[in-house]
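# A structural walkthrough
These are the residues of each chain, in order.
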Amino acid sequence: MRRTPIGVPNPRLLSPAGTRQPGNGHCTSASGGDAAAADNGREEADFTVYLVDDDPDVRRALSRAISTRGLAVSTFDRAEAFLQAFDPARPGCLILDYGLPGMSGLDLQAQVVDQGHPLPIIFITGHGGVGEAVQAIRGGAIDFLEKPFRQDRLIERIQAARGVAAEMAAARAQQSELTARLRRLTPREAEIVRHMLDTPAEISSKEVGRHLDISPRTVDHHRARILEKLEVASVIEIFGLVAELPRDMVGDLLSSLIAE
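Residues numbered from 1 in each chain as written. Predicted model: local features only at pLDDT ≥ 70, side-chain atom pairs only at ≥ 80, totals over all residues. Heavy atoms only, no water.

### Re the overall build of the protein chain
Scanning the protein chain from terminus to terminus reveals 12 helices and six strands. Relative to its full complement of 260 residues, the protein chain shows a buried share of 42%. Within the protein chain, contacts between residues separated by at least 24 positions form 70% of all contacts whose residues are at least 6 apart in sequence. As displayed, the protein chain offers around 13,800 Å² of accessible surface, 51% of which is attributable to carbon and sulfur atoms. (Helix = DSSP H or I, 4+ residues; strand = E, 2+ residues; numbered from the N terminus. Buried < 20%, exposed > 50% of the residue type's maximum accessible area, 1.4 Å probe, protein only. Contact = heavy atoms within 4.5 Å. Areas by Shrake-Rupley, 256 points an atom, 1.4 Å probe, with all protein chains shown as cover.)

### Considering helix α11 (residues 235-242)
Residues Val235, Ile238, Leu241 and Val242 constitute the buried set of α11. Seen end-on, α11 carries its buried residues on one side only, within an arc spanning 100°. (Arc of directions from axis to C-beta.)

### Remarks on the confidence of the model for the protein chain
For the protein chain, mean pLDDT is 83; residues scoring 70 or higher make up 82% of the total. Model confidence for the protein chain, summarised as mean pLDDT per element, is weakest for helix α1 (residues 35-38) at 36 and strongest for helix α10 (residues 216-230) at 97. A low-confidence stretch, residues 1-24 (pLDDT under 50), is modelled with 42 contacts involving residues beyond four sequence positions or located in other chains. Low pLDDT, under 50, characterises residues 31-43; the stretch is placed with 10 contacts to residues that sit more than four places away or in other chains. (pLDDT = per-residue confidence, 0-100.)

### Here's the deal with the pairing of strand β4 (residues 92-97)
The element β4 is extensively covered by neighbouring structure, given that six of its six residues are classed as buried. With burial as the criterion, each face of β4 is covered, one bearing Gly92, Leu94 and Leu96 and the other bearing Cys93, Ile95 and Asp97. In the sheet, strand β2 (residues 48-52) pairs with β4 via five bridges, with the strands oriented parallel. Its bridge partner lying in β4, valine 52 is registered against leucine 96. (Pairing = 2+ DSSP bridges.)

### A word on the packing of aromatic side chains
Counted according to the given criterion, the structure contains eight aromatic pairs. What links up through ring pairs into an aromatic cluster is the set Tyr50, Phe76, Phe82 and Phe86. Over the ring of phenylalanine 47 we find arginine 162, and its NZ or CZ is 5.5 Å from the ring centre. (Phe/Tyr/Trp six-rings, centres within 6.5 Å; stacked < 30°, edge-to-face > 60°. Lys NZ or Arg CZ within 6 Å of the ring centre and 35° of its normal.)

### Overview of the pairing of strand β5 (residues 121-125)
Of all the five residues making up β5, five are buried; the element is thus mostly covered by neighbouring parts of the structure. Because side chains alternate across β5, one face comprises the buried residues Ile121, Phe123 and Thr125, and the other comprises Ile122 and Ile124, equally buried. Taken together, β4, helix α5 (residues 105-114) and β5 form a β-α-β motif whose crossover is right-handed. As paired strands, β5 and strand β6 (residues 143-146) are joined by four bridges and run parallel to one another. Among the inter-strand pairings, phenylalanine 123 is bridged to a residue of β6, identified as phenylalanine 144. (Right-handed = clockwise from strand over helix to strand, strands pointing away.)

### Regarding the pattern of salt bridges
What the rule picks out here adds up to 14 salt bridges. Here aspartate 57 ties to arginine 60 by a salt bridge, and the two come within 2.8 Å at their closest N and O atoms. Of this pair, aspartate 57 and arginine 60 both sit in helix α3 (residues 56-67), separated by three residues, roughly a single helical turn. On the accessibility criterion, arginine 60 (24% relative accessible area) is partly exposed. Where glutamate 228 meets arginine 225, a salt bridge forms, and the shortest distance between an N and an O atom there is 3.1 Å. With glutamate 228 and arginine 225 both in helix α10 and three residues apart, the pair spans about one turn of that helix. Overall, the relative accessible area of 33% leaves arginine 225 in the partly exposed class. (Salt bridge = Lys/Arg side-chain N within 4 Å of Asp/Glu carboxyl O.)

### Description of the nonpolar core
The biggest cluster of nonpolar side chains holds 25 residues, and the ones touching the most others in it are Leu185, Val193, Met196, Ile226, Leu230, Ile238 and Leu254. Counting only elements with at least two residues in this core, the list comes to α7 (151-182), α8 (187-198), α9 (205-212), α10, α11 and α12 (247-259). In terms of residue count, α8 provides more of this core than any other element does, five residues in total. Among all residues touching leucine 230, those that are not within four sequence positions of it are Arg181, Leu182, Leu185, Ile238 and Leu241. (Core = buried A, V, L, I, M, F, W, Y, C linked by side-chain atoms within 4.5 Å.)

Following this line, the structure appears as structure tokens:
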């Protein structure tokens, strides 16, 4: 069976009157309505494909292609409308038109990243070049598809995006759990940890005590509490724990604890 490439107007995707339906700045949602799509399971329902494109024909065609695979899809005609509706707590990916009116696709990508909401992004465009693709990929996009493209190619990239989203969610969960451990530290314990991280060649009780003007016995007491709270067995494991977090995040967190 021959498939129609996306990006080419298709009369079957027009409204009953045969005219395009203009966007209104709001989103529309779709999900697979047949039994086969419903049988794909709860995992698909928990993942949303966000589609931002100002062309209503493209939105309808892609929404249909995605929803028939059992995936939830929310469509928007403007970047601003997407930002108003986007729920960063819900796993998903973003199919983003490069040449949007108003806020561009690259601007939207930058805003999502700046707000700390890592979201796998697949750019689509009818007039992009190598330079635009490189800029998008450098910004964290997982692919850059030029219209017209085949639906199967997009679905393949969405499945890859699901894997990326799962990895991002796991990383965020790990960061949250590790920062929760660090928040258990008292100001003095945080001070000791920061000294050890800043000067790893001086982590003996005598060296730490000399730096903080406390006795080695007091350092030993604090060190035991630190290991217990961070759920590690040795000072070396502390270095491995904080290595899983961005360095500036660790520094800022320890500074805030010390200042309490």
